[in-house]
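Each chain, letter by letter, is given below.
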Amino acid sequence: MRKINLFLVALFTVITFGAAQAQDDADYLSDENLRRYAVMESVIDDMKSEISVVVNDMIKNQEGITGNRYNELAKGSGEPASDFEKKFMEQIEGVKSDRIDAIKQVNQIMATKMLPDGGKAYKAIKEALGTDEEVKTKYATIKAEVEGETAE
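Residues numbered from 1 in each chain as written. Predicted model: local features only at pLDDT ≥ 70, side-chain atom pairs only at ≥ 80, totals over all residues. Heavy atoms only, no water.

> I'd like a rundown of helix H4 (residues 83–113), residues and numbers included.
For H4, with 31 residues, the first-to-last C-alpha span of 45 Å sits near the 45 Å given by 1.5 Å per residue. Buried residues of H4: Glu85, Phe88, Met89, Ile92, Ile103, Asn107, Met110 and Ala111, and no others. In this structure, the buried residues of H4 make contact with helix H2 (31–61), helix H3 (67–75) and helix H5 (120–131). (Helix = DSSP H or I, 4+ residues; strand = E, 2+ residues; numbered from the N terminus. Expected span 1.5 Å × (residues − 1). Buried < 20%, exposed > 50% of the residue type's maximum accessible area, 1.4 Å probe, protein only. Contact = heavy atoms within 4.5 Å.)

> Residue-level account of the packing of aromatic side chains, with values.
Inspection of every chain in the model, using the stated rule, returns two aromatic pairs. Seen in terms of ring centroids, Tyr37 and Tyr122 are 5.4 Å apart; in terms of plane orientation they differ by 40°. Their pairing is tilted. Highlighted residues: Tyr37 in helix H2 and Tyr122 in helix H5, separated in sequence by 85 residues. Looking at Tyr122, the relative accessible area reads 12%, which means it is buried. Between Tyr37 and Tyr139 the ring centres are 5.6 Å apart and the planes differ by 70°, which places this aromatic pair in the edge-to-face class. Placement of the pair is Tyr37 in helix H2 and Tyr139 in helix H6 (residues 133–151), with a sequence separation of 102 residues. Here the two residues Tyr37 and Tyr139 agree in accessibility, since each one is buried. Three or more aromatic residues link up through ring pairs in this structure, and these residues are Tyr37, Tyr122 and Tyr139. (Phe/Tyr/Trp six-rings, centres within 6.5 Å; stacked < 30°, edge-to-face > 60°.)

So this is what it looks like as structure tokens:
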């Protein structure tokens, strides 16, 4: 009898915790949190697109390298790279790597500072966007509004 009571208490605890966790996740999916998430994603998208701008500027301003040659070198096709080209590609990769690291840091800081519970909301929203059609639809509307505001 004692085992049954212990089992029932444990079961009740698990069910209660699960319901509380589901409620917490639902709280994380508020319109305000989805808006904050959309702002974060917009900032990250802008930062990512800036990488291409910087790389294109570096290629344009580097004598002896064209866009076509850069593409060949990046794909590993065409003639083998000269020492000059190897150094230039290392420089490009260094700039890209630095910017990607900065993006990761900014994303982590924003996820833990802009959303409640030190990143739990970020994880809940990201997960819901992958599985919940209702949240996806609501988020798409909010993101469009945020992007419209930043375009103005």
